[in-house]
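# Remarks on the overall topology
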Amino acid sequence: MAAKGEYPIPKFHFRVEWGNDFRIGFTEVSGLDFETEVIEYREGSNKKYVKSKQPGMQKFSNITLKRGTFEGDYDYYKEWRKTVLFQEGNKTGSQFRRTVTIKLLNEQHDPIITWKLLNAWPSKIQSTDLKADANEVAIETMELVHEGLEIMNVD
């Protein structure tokens, strides 16, 4: 077995967990990025003609999840449909936000890196495109918005 850090990690073996009791298999996950916005400031009497830069608010991209379309499997749509009832501040609103974990796995199916999405909910569902001469699997897409991205397993 290779020493730790000797080879890059392959990205094809992963698992997405939607809360504690709900798991959907996906073929692709994208948007696992975050950035710190920059605040620029310059006082008018500053003798240097440059702005000072300091860290501002954090910004997180939406997460895009893709999976194959299966006959009779409407879990994607059912989760999105619940957001119609989602209203900030009422008693039912918070139950539709979930902690979503995305785990990159090794050969023993143990997580190497875990990304945790905080207060995630589906904002968009896209059904597959249809093409008469295509020779490929029907893929549907879900876009999640969230309020934070934590990377676990980091010392």
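The preceding data block contains the structure.
Rules used in this analysis
Residues numbered from 1 in each chain as written. Predicted model: local features only at pLDDT ≥ 70, side-chain atom pairs only at ≥ 80, totals over all residues. Heavy atoms only, no water. Helix = DSSP H or I, 4+ residues; strand = E, 2+ residues; numbered from the N terminus. Buried < 20%, exposed > 50% of the residue type's maximum accessible area, 1.4 Å probe, protein only. Contact = heavy atoms within 4.5 Å. Core = buried A, V, L, I, M, F, W, Y, C linked by side-chain atoms within 4.5 Å. Salt bridge = Lys/Arg side-chain N within 4 Å of Asp/Glu carboxyl O.

### Structural notes on unusual backbone geometry
Most peptide bonds adopt trans geometry, and most residues besides glycine take a negative phi value. A positive phi angle, near 70 degrees, is found at histidine 109, a position not held by glycine. Among the secondary structure elements, histidine 109 is positioned in the loop between β7 (98-105) and β8 (111-126). Positioned with a positive phi, asparagine 119 is a non-glycine residue whose angle comes to about 55 degrees. In this structure, asparagine 119 sits in strand β8. Here asparagine 119 falls in the partly exposed class, since its relative accessible area comes to 34%.

### With respect to the environment of glutamate 147
Inspection of the secondary structure assignment puts glutamate 147 in the loop between β9 (139-145) and β10 (149-152). Glutamate 147 sits in the partly exposed class, given a relative accessible area of 48%. Linking glutamate 147 and asparagine 62, residues 85 residues apart in sequence, is a C-alpha distance of 9.7 Å. Aside from chain neighbours lying at most four places away, what touches glutamate 147 is Phe60, Arg97, Leu118 and Asn119.

### Let's talk about the nonpolar core
Ranked by size, the top nonpolar core spans 16 residues in total, and within it Leu65, Val100, Ile102, Leu117 and Leu144 carry the most contacts. With residues near it in sequence (within four places) discarded, leucine 144 still touches Trp18, Asn62, Ile63, Leu65, Val100, Leu117, Trp121 and Pro122.

### Regarding the pattern of salt bridges
Counting across every chain of the model gives six salt bridges. Here arginine 15 ties to glutamate 17 by a salt bridge, and the two come within 2.9 Å at their closest N and O atoms. Given the relative accessible area of 21%, arginine 15 is considered partly exposed. Under the relative-accessibility criterion, glutamate 17 is labelled partly exposed at 21%. Ionic pairing is found between glutamate 40 and lysine 53, a salt bridge with its closest N-O pair at 3.7 Å.

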